[in-house]
Amino acid sequence: MASATKPQSTASGVFFEGETARNTRGLLRIIILCTIAATAVASRLFSVIRFESIIHEFDPWFNFRATKYLVQNGFYDFWDWFDDRTWHPLGRVTGGTLYPGLMVTSGAIWHALRAISLPVDIRNICVLLAPGFSGLTAFASYLLTSELSDSPSAGLLAAIFMGIAPGYISRSVAGSYDNEAIAIFLLVFTFYLWIKAVKEGSVMWGAFAALFYGYMVSAWGGYVFITNLLPLHAFVLICMGRFSPRLYVSYTTWYALGTLASMQIPFVGFLPIRSSEHMSALGVFGLLQLVGFTDYIRQQLPSKQFQLLLRTLVLVIFVVAFGLLVLLTVSGTIAPWTGRFYSLWDTGYAKIHIPIIASVSEHQPTAWPAFFFDLNMLIWLFPAGVYMCFRSLKDEQVFVVIYAVLASYFAGVMVRLMLTLTPVVCIAAAMALSQILDTFLVAGEPAEPIEAPSTKTNDAKDKTVPGIPEVLRSTKGPLVGIYSYMSKAMITGAVTCYLLLFVMHCTWVTSNAYSSPSVVLASRLPDGSQHIIDDYREAYYWLRQNTKPDAKVMSWWDYGYQIGGMADRPTLVDNNTWNNTHIATVGKAMSSREEVSYPIMRQHEVDYVLVVFGGLLGYSGDDINKFLWMIRIAEGIWPDEVKERDFFTSRGEYRVDDEAPPAMKNSLMYKMSYYNFDKLFPAGQAQDRVRGSRLPAQGPELSTVEEAFTSENWIVRIYKVKDLDNLGRSHQDAGAFEKGNKKKKAGKRKGARVLRVD
Amino acid sequence: MRLLLPWALLGSAVFSLADPSANAAQDSQKTVDSAAAPPQHFRNINLVRNINLEKSYARETINVVVENIDSKPQSEYYFPFERGQIKRIGGLEAKDKKQPERTGFTAEIAALDQTSATEYYKITFPAALKPNEQITLSITYVSLQSLDPLPAKIEQSDKQYVRHGFSAYAPSAYTTLKQKTKLKLPTTDVPDAVKLAASLNAEGKEDPQRQGTTFTYGPYGELPAGAVEEVSVRYEFTKPLTHSTRLERDIEVSHWGGNIAFEERHWLTNRAAELKNQFSRVIHQQLQYYNPPTSALKELKFPLAVGSMDPYFTDDIGNVSTSRFRSNAREANLELKPRYPLFGKWNYSFRVGWNADLAKYLRGAGGDKFVLKVPFFEGPKQAEGVAYEKVITRVILPEGSTNVEYTTSLPLVDESVTKHYTFMDTAGRTMLELTALNVVDDQRDIQLVISYDYPFAARFRKPISIFAAVAAVFAITAVVRSLDVSIGRKTKSS
């Protein structure tokens, strides 16, 4: 931006005057935007360069698996996909319970590339989809901001902010193949189209907005945010007395087409007309008709009769509509609010009522430092930007204000919703910063015609003339301009420093916090070289290669998608978490004694049990640390059989050492985690590095399952569920028999002692 | 016989359902039609068989003096195998022992009686053997999957013993006057070697004779064609029985880049004894300090050609970080560790690839003609040997190359020339696909020589087609932009 304005005074002025200037600026703009897009893509490639082209985390593994299914079996099979390899024995109607936008997008790219004979591996497309779309997001935020601000630099600033803001990078690094990867682009672009539609009152832009809204619905559950934000915008505009045919045309076009589009997604289906979350859009649609009608009537009737008519009409309609809504909700025609929605208003709600939602870390309320961590200087430019919107409060600025308020609230409630806040923060910050730059980064002195009225206003200010007609007070002060080169240099220098710091911060955060695939753990060897701890894949690949293709694997739901994706084996529960009872069943099997767990596992045809154990390496994200959630979720269904209290010591501590309560020590999870672990250490010195406690000298013994595989660093342990005993004994008896006489003698001695006491 | 035939066919159909890969291997082996049973044109005067069991497969060498007892010159010598065994026999070749440089011997599977329990290889001499003349044949072959661990299940730290079953009488389709069989074992720890009655022995000695790691069965006197005396030896072999069910190899030639890219996809399994109890990481880690011999496959070593570069080692779920590449002016060794040690009956599939300078493999043969010389397959080189059931080598030549011809000394069962589309090809690259069965790692030096024509103009096909495509996009954009698609008349006021 600086380079665009600076050479004005030089000899090359030919390029900056008239038609040529327009072309030059356009070209510069395109080059800058391309560079920004390239930066956005490049800054997300840390993990590919450091590790490899790999799908990250948990959910992306499912999306990846679904994409592979789509590519292999075609669209219609994908649409009708019933997946019998998850949620054994229930299965999952996957085709009808997912948002297909992401998979279809990568599938389309895959086919398009093959059409020009570029047979790229589908994995690489999936890995690089998010960075690619973040380049588009940067472009979309350029468009959106350009609509909102007159400043030539605001759009470009918004684009670069959007390109490198960690709040967005957190969900769009290479390999993070999740719905958000494309959804944020769609969100911003839909907003742009909406603003465009409202500004121009154009059916075409409204239809485009509806189209992209439909795409958004197919891609992410967060589409509800748009579904509520656009009606709210329209509603606020009506309340501000800004009803116009432009608004009417754009909203009705968007709503009618967008709702139809959204209903094409099987997972959404009839929700847009039945669930409470979508009612505001429908309500505003109705309201607009009424307002439009009233507007028409007003032109026909004298004002007094009109006033009366209006009042009665508003009252009657409000009462009828509200009554209808309540009635339909109570009767069940309109689905009541879902639990996830309640937890948006009451952060404690989930903890009490839905432990499965509360157990996910990204559903926790946001900590204050997270805002600075994810947005750095943008977070303090953000209010300034919102204030700028108030200064010229046109329809589109109203939108930014509403968006800002809503997104700020939601981002405070749930960590993952930081994602929806980031675009508006980038836009507002860009508007604020561009204002500063436009004012201070001018080479020449302010021109005379601007100077004259400014002195006038200064006089006027002193006198505070009351008679001046003004729309808003903030729009009163005309632009003055800066004369002192000193202050120009200082401000410009300061802003440059801030921007550089911002870039450094973003790079640092991206590199350190958001670029770990979490499937692979990296550590440093003493000589500084990188050592990769690849236990997950070691174990998953072992499962994939050396077990029956239909061997059922039981594990906690966190690993379900990874097992499905990497080990390619059926699982009992996975990250879809659609059936709480099934998850609680697994929780019960894990937290109960072997005698209780074994029948559960037999009933579910479990062949292998997989646990994650970090005690050897000090890997804190292991199953013993997640164990309390398993207990809680199981307790929710079987309060009599699993009790959280039993797993704490009498002093309320969660322990794994000698003082661990019997319920803990006898639980299958505890036994599987620590089985044979003590043999790695000298007698009695087994140490758990995560909990930092010394384990009992006597390790746990297993009778119904046997160790099948343990990965190199013991992170993943796989146990095989034993078949029924050939002689019909219980496994405990069989185990005792195998050990021989020792056990019998012990029993006898015990008997004798009891006799003596008697 | 006629009645039985359909049943036999039905049986084979059922068999193919049960075990498609094994049967496919048999079916695809090259066969030639011949008479019902080999005619008794020959007599084996003296036969010495050497069975080398030092690796994880058996390598047999039969040196036999053959005499034509027919009245006419004969050139087709039949060599029998039991049905089922023949599809595990690889690399069978015959030579004239006295004149090793003499070429022209061919060996093919002869499709004889479908219902017979015996199948034959037909060896054709370069020149027919006149009546009463003799020739000293040297027949070598490897027998895959011929070692079976016994006991079939062992503890993780146990020694492994394998059993090799064979006939003390060498297989022959002709009467044999004198013969003996020598076994070369890798160890002196041989708990079992089936003893034969001394009466069978021509010299009346104890049978077998033992000398260090060598066992000798025989000599035996005159035996009719097809005589069998089943014996077996069981010996210690605490090494992995590495078996590759399939190896796919791609060689991609790029004249533009001056690069040749190799990629091998392996499907390995360890045929060693299964673990009696399940795998225990504790025992594995404790044993690692002493590093005793084990039946687990822990490491694979690929000695690549000097100058190989950019190696990669991945499997179905991504990069495997446990590899090491040592490359200097003298050697380029790729050392791979599978994600987990492969114990008995465990599988592992992976892919490795590397690049090399094309100039080392390709030379121009005047005009548009080029000659490419590459190893048919590389694969790991292990002390205990690796056996491959099926090797498929695909050579992808540059787009527009024609007139592809190849030579290799490895017996092939299939060949085809097709098109391969990648990286914005318009006409497709010429791809030569060759398949070989039952190959062992000793043969990894066998070269494949390919000659092809690559016209100079073909090099510019891609740049021109891409330029044309981009130009077309611009032209279409220009046309579309100039169209007026607005509805209604243009008005100045909004």
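Computed from a predicted structure; not experimentally measured. (Residues numbered from 1 in each chain as written. Chains lettered and ligands numbered in written order. Predicted model: local features only at pLDDT ≥ 70, side-chain atom pairs only at ≥ 80, totals over all residues. Heavy atoms only, no water.)

### Some thoughts on the overall build of chain B
And step 1. When its secondary structure is counted, chain B shows four helices and 32 strands.
And step 2. The 494 residues of chain B split such that 46% are buried.
And step 3. Of all intrachain contacts in chain B linking residues separated by at least 6 positions in sequence, the fraction that spans at least 24 positions is 77%.
And step 4. About 23,900 Å² of surface is accessible on chain B, with carbon and sulfur atoms providing 54% of the total. (Helix = DSSP H or I, 4+ residues; strand = E, 2+ residues; numbered from the N terminus. Buried < 20%, exposed > 50% of the residue type's maximum accessible area, 1.4 Å probe, protein only. Contact = heavy atoms within 4.5 Å. Areas by Shrake-Rupley, 256 points an atom, 1.4 Å probe, with all protein chains shown as cover.)

### Here's the deal with the packing of aromatic side chains
And step 1. Counted according to the given criterion, the structure contains 84 aromatic pairs over all chains.
And step 2. Ring plane angle 75 degrees and centroid distance 6.4 Å describe the contact between Phe 243 of chain A and Tyr 248 of chain A, whose orientation is recorded as edge-to-face.
And step 3. Both rings, one in Tyr 251 of chain A and one in Tyr 255 of chain A, keep their centres 6.2 Å apart while their planes meet at 5 degrees; by these two values the pair is stacked. Within this pair, Tyr 251 of chain A and its partner Tyr 255 of chain A are both found in helix α12 (residues 245–262), separated by four residues, close to a single helical turn. As far as the burial class goes, Tyr 251 of chain A and Tyr 255 of chain A line up, both buried.
And step 4. Feature note: the residues Tyr 541, Trp 542, Tyr 608 and Phe 709 of chain A together with Phe 279, Phe 313, Tyr 340, Phe 343, Trp 346, Tyr 348 and Phe 350 of chain B constitute an aromatic cluster, connected by ring pairs.
And step 5. The ring of Trp 629 of chain A carries the charged tip of Arg 632 of chain A above its face, separated from the ring centre by 4.7 Å. (Phe/Tyr/Trp six-rings, centres within 6.5 Å; stacked < 30°, edge-to-face > 60°. Lys NZ or Arg CZ within 6 Å of the ring centre and 35° of its normal.)

### Considerations on the UniProt feature "transmembrane region" (unreviewed entry) in chain B
And step 1. Within this numbering scheme, the UniProt entry marks residues 464–483 of chain B as carrying the feature "transmembrane region" (unreviewed entry).
And step 2. Secondary structure content for residues 464–483 of chain B is 95% helix and 0% strand, and the end C-alpha separation is 29 Å. (UniProt positions renumbered as here; feature names shortened; annotations may be inferred.)

### Describing the side chain of Arg 234 of chain B
And step 1. Examined against the element boundaries, Arg 234 of chain B turns out to sit in strand β16 (residues 230–236).
And step 2. A polar contact is formed between the side chain of Arg 234 of chain B and the backbone oxygen of Leu 150 of chain B, at a distance of 2.7 Å. (Polar contact = N/O pair within 3.5 Å; in protein donor to acceptor, adjacent residues only side chain to side chain.)

### Focus: unusual backbone geometry
And step 1. The omega torsion across His 88 of chain A and Pro 89 of chain A is 0 degrees, close enough to zero to call that bond cis.
And step 2. Checked against the element boundaries, Pro 89 of chain A lands in the loop between α4 (59–79) and α5 (101–115).
And step 3. A cis amide bond links Leu 150 of chain B to the next residue, Pro 151 of chain B, at an omega of 0 degrees.
And step 4. With respect to the helices, strands and loops of the structure, Pro 151 of chain B is situated in the loop between β9 (147–149) and β10 (153–154).
And step 5. One non-glycine residue with positive phi stands out, namely Trp 87 of chain A, at about 50 degrees.

### Focus on the sheet that holds strand β23 (residues 323–327) of chain B
All names here are of chain B.
And step 1. If you walk across this open sheet you meet the three strands as β20-β24-β23, and the pairing is antiparallel. In this open sheet, the two strands that pair with only one neighbour each are β20 (300–304) and β23. Recorded for the sheet is a direction-independent mean angle of 15 degrees between the axes of neighbouring strands.
And step 2. As paired elements, β20 and strand β24 (residues 332–336) share five bridges and run antiparallel to each other. Looking at the pairing, Leu 304 lines up with Ala 332 of β24. (Pairing = 2+ DSSP bridges. Axes fitted to C-alpha atoms, helices over the stretch in contact; angles between N-to-C directions.)

### A short note on the pattern of salt bridges
And step 1. Enumeration over the complete set of coordinates arrives at 57 salt bridges over all chains.
And step 2. Through salt bridges with shared partners, a single ionic network connects Arg 246, Glu 248, Asp 250, Glu 263, Arg 265, Arg 351 and Arg 394 of chain B. (Salt bridge = Lys/Arg side-chain N within 4 Å of Asp/Glu carboxyl O.)

### Some thoughts on the interface of chain A and chain B
And step 1. Taken residue by residue, the interface counts 27 residues in chain A and 25 residues in chain B.
And step 2. For the pairing of chain A and chain B, the buried interface totals around 2,400 Å² over both sides, and the portion due to carbon and sulfur atoms is 52%.
And step 3. When the buried area of chain A at its contact with chain B is split by residue, Ser 117, Tyr 541 and Gln 545 of chain A rank highest and sum to 23% of it.
And step 4. Connecting chain A to chain B are three salt bridges.
And step 5. The partner of Arg 281 of chain B in a salt bridge is Glu 538 of chain A, and the shortest N-O contact between them spans 2.7 Å.
And step 6. Along the contact surface separating chain A from chain B lie 20 residue pairs in polar contact (both at pLDDT 80 or more).
And step 7. If you list the elements that add at least two residues to the side of chain A that touches chain B, you get α25 (535–546) and β7 (705–710) of chain A.
And step 8. Sorting elements by how many residues they give to the side of chain A that touches chain B places α25 of chain A first, with seven residues. (Buried area = accessible area lost by both parts, 1.4 Å probe.)

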